[in-house]
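One-letter residues, chain by chain:
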Amino acid sequence: MLVVTSENFEQEVLKAQGPVLVDFFADWCMPCKMFAPILEDAQEQLGSRIKIVKINIDESIQLAQKYRVMSIPTLKLFTGEEEPRATFVGAMSQEELVDWLAENGVE
Amino acid sequence: MENNCLDVIVIGGGPGGYCAALYAARANLSTMVIEKFAPGGQMATTEIVENYPGFVDGINGFELGMQMKKGTERFGVKTKFAEVKSVELDKNPKLIHTAKETFEAKTVILALGAFPRELGLPNEKNLRGRGVSYCATCDGMFYKNKTVVIVGGGNTAVADALFLAKICKKVYLVHRRDELRASKTYMESLKNAENIEFIWSSEVVEILEEDMMVSGVKVKSKKDDSIRMVSCDGIFVAIGNIPNTKLIEGQITLDEAGYVLADETTQTNIPGVFAVGDMRQKPLRQIVTAVADGAVASKYAEEFCL
């Protein structure tokens, strides 16, 4: 799964075609580890309907601060705008994730 | 339909659930684990597990959960990742419904675990991820050189305090009693931590916010009702757990606190249904007592399947 940094955030997230789900994570975060395979499976299930990328908050402190990430994992759904369309704090099951994305227009 | 009926369905993939599955599969029972999120349960959020025997340097809780899952796969156990939406436990076979499928089993081992209790304050939910946290090892790093308040006085609260004291400038521990319930092993380290301050016999009655972020807490003394404002950047809630029993309410008998009424045999009020781990009424909730429950449950499940 692509790890986005400040350098390619605009290209890979804001200017991407279609919705992009960003998972803010860190290597030391245990629920993030639990969540990682769920994101992989969700990407596989949804295919081209969404692009899922990750941001390491220790390596991309500015992005984490800009988007006021204070707890991880935090998910943000971007749809071409500077501000995310939706934010979810915490991890969830694959079913919940797919439902949450559907509620926010990714079907 | 007989072919589709399993001997054992375990709901919940924490240590209790996986140990039950391991023993059941080794007893030649067809066994499946249904887990909604990820293997390991609460254990998987623990950075280092140091009280599970056999690991000289301790072991990462997530890693231990993955190992427990893999250990059952050797004996043919499959893990289904899905959320169980409802159960019909008094039927024969017993029916387990997820959003998309229904599974049948002769016996069900409930290993639903527990989740952190909330303070119950009005703005608590909105401030989650904006200063309110239930997991110090997850969110501690966001409070580097900042001031935090921990609420609670048990093992989790004290472990959180010691963990956060290494990262934060100042740690307040607000506890409703005038002494800690935590294990004595923590006491020496607590005494040596210079940046931990105790606020005894007190409760957090309000979370203060500024620009939608936590800015402090209002603490009320239980002794004289006096109020004290404590400025902080984060609040960590560690006031115990609530058993995860919503799924089985009305079918399985619970005690007043919501734990499943089952003795050391793990048998519930419904024959062929067993409850293991943190959700069961018991004096000590640990990984080792959860796995012990799992082994015991599988023995009775085996008897029931004969």
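This structure is a prediction, so every number in the text was calculated from the model and none was measured. (Residues numbered from 1 in each chain as written. Chains lettered and ligands numbered in written order. Predicted model: local features only at pLDDT ≥ 70, side-chain atom pairs only at ≥ 80, totals over all residues. Heavy atoms only, no water.)

Trainee: I would appreciate a short explanation of the sheet that holds strand β10 (residues 170-174) of chain B in the present structure.
Mentor: Whether parallel or antiparallel, the strands of a sheet pair through hydrogen bonds between backbone atoms. Pairing within the open sheet is parallel, and its five strands lie in the order β8-β15-β9-β10-β11 (chain B). At either margin of the open sheet sits one strand with a lone partner, and together these are β8 (132-133) and β11 (196-199) of chain B. (Pairing = 2+ DSSP bridges. Helix = DSSP H or I, 4+ residues; strand = E, 2+ residues; numbered from the N terminus.)

Trainee: So what exactly am I meant to see when it comes to a nonpolar patch on the surface here?
Mentor: All names here are of chain B. Where nonpolar side chains cluster on the molecular surface, the patch consists of Val-205, Ile-227 and Met-229 and spans about 260 Å² of accessible area. Topologically, Met-229 is positioned in strand β14 (residues 227-231). Since its relative accessible area comes to 52%, Met-229 is described here as exposed. (Patch = residues over 30% accessible without salt bridge, like charges linked within 9 Å, V, L, I, M, F, W, Y side chains within 5 Å. Areas by Shrake-Rupley, 256 points an atom, 1.4 Å probe, with all protein chains shown as cover. Salt bridge = Lys/Arg side-chain N within 4 Å of Asp/Glu carboxyl O. Buried < 20%, exposed > 50% of the residue type's maximum accessible area, 1.4 Å probe, protein only.)

Trainee: Explain helix α4 (residues 94-103) of chain A here, please?
Mentor: At 3.6 residues per turn, the α-helix brings residues three or four places apart onto the same side. When we look at burial in α4(A), the residues that qualify are A:Glu95, A:Leu97, A:Val98, A:Trp100 and A:Leu101. Just past α4(A), the residue A:Gly105 takes up positive phi, approximately 95°.

Trainee: For this particular structure, what's the right way to read the packing of aromatic side chains?
Mentor: For any pair of aromatic rings, the description rests on two quantities: the centre-to-centre distance and the angle between the ring planes. One pass over the structure, following the stated rule, counts nine aromatic pairs over all chains. Taken together, a centroid distance of 6.0 Å and an interplanar angle of 65° make the contact between A:Phe88 and A:Trp100 edge-to-face. Residue A:Phe88 is located in strand β4 (residues 86-89), and its partner A:Trp100 is located in helix α4; the two are separated by 12 residues in the primary sequence. For A:Phe88, a relative accessible area of 25% corresponds to the partly exposed category. Ring plane angle 5° and centroid distance 4.8 Å describe the contact between B:Phe198 and B:Trp200, whose orientation is recorded as stacked. Judged by relative accessible area, which is 26%, B:Phe198 ranks as partly exposed. (Phe/Tyr/Trp six-rings, centres within 6.5 Å; stacked < 30°, edge-to-face > 60°.)

Trainee: Sorry, what's going on with the state of the cysteines here?
Mentor: Each disulfide consists of one covalent bond between the sulfur atoms belonging to two cysteines. Within the structure shown, the criterion is met by one disulfide over all chains. Between the sulfur atoms of A:Cys29 and its disulfide partner A:Cys32 the distance amounts to 2.2 Å. On the sign convention where negative means left-handed, the S-S torsion of about 85° between A:Cys29 and A:Cys32 marks this disulfide as right-handed. Judged by relative accessible area, A:Cys29 falls into the buried class, the value being 0%. Here A:Cys32 falls in the buried class, since its relative accessible area comes to 5%. Counting only cysteine sulfurs, B:Cys232 is the nearest neighbor of B:Cys168, a cysteine outside any disulfide, at a range of 10 Å. (Disulfide = S-S within 2.5 Å.)

Trainee: Mind showing me how you'd approach the interface of chain B and chain A here?
Mentor: One widely used convention gives an interface's size as the accessible area the parts lose upon coming together. Chain B puts 29 residues into the contact, and the matching count from chain A is 19 residues. Of the roughly 2,200 Å² buried between chain B and chain A on both sides combined, carbon and sulfur atoms contribute 64%. The largest contributions to the chain B side of the interface with chain A come from B:Phe37, B:Phe62 and B:Phe142, which together make up 30% of the buried area. Our count for the contact surface shared by chain B and chain A stands at one salt bridge. A salt bridge links B:Asp211 to A:Arg68, with the nearest nitrogen and oxygen atoms 3.6 Å apart. Linking chain B to chain A there are three residue pairs in polar contact (both at pLDDT 80 or more). Of all the elements in the fold, those that place two or more residues in the side of chain B that touches chain A are α2 (61-73) and α3 (136-139) of chain B. Among the elements that make up the side of chain B that touches chain A, the one with the highest residue count is α3(B) (three residues). Among the residues making up the side of chain B that touches chain A, the classes are represented as 13 nonpolar, seven polar and nine charged. (Contact = heavy atoms within 4.5 Å. Buried area = accessible area lost by both parts, 1.4 Å probe. Polar contact = N/O pair within 3.5 Å; in protein donor to acceptor, adjacent residues only side chain to side chain. Nonpolar A, V, L, I, M, F, W, Y, C, P; charged D, E, K, R; others polar.)

Trainee: Help me understand helix α2 (residues 30-46) of chain A in this model?
Mentor: Along its 17 residues, α2(A) runs 25 Å from first to last C-alpha, staying within 8% of the 24 Å computed at 1.5 Å per residue. Along its length, α2(A) reaches its greatest deviation from straightness, about 30°, at A:Ala36, and the proline A:Pro37 lies no more than four positions downstream. Every buried residue of α2(A) is accounted for by A:Met30, A:Pro31, A:Cys32, A:Met34, A:Phe35, A:Ile38, A:Leu39, A:Ala42 and A:Leu46. Tucked into the core, α2(A) has its buried residues touching β1 (20-25), β2 (51-56), β3 (74-78) and α4 of chain A together with α2 and α3 of chain B. One or two positions beyond α2(A), positive phi appears at A:Gly47, with a value near 55°. (Expected span 1.5 Å × (residues − 1). Bend = angle between axes of the 7 residues up to and from the residue.)

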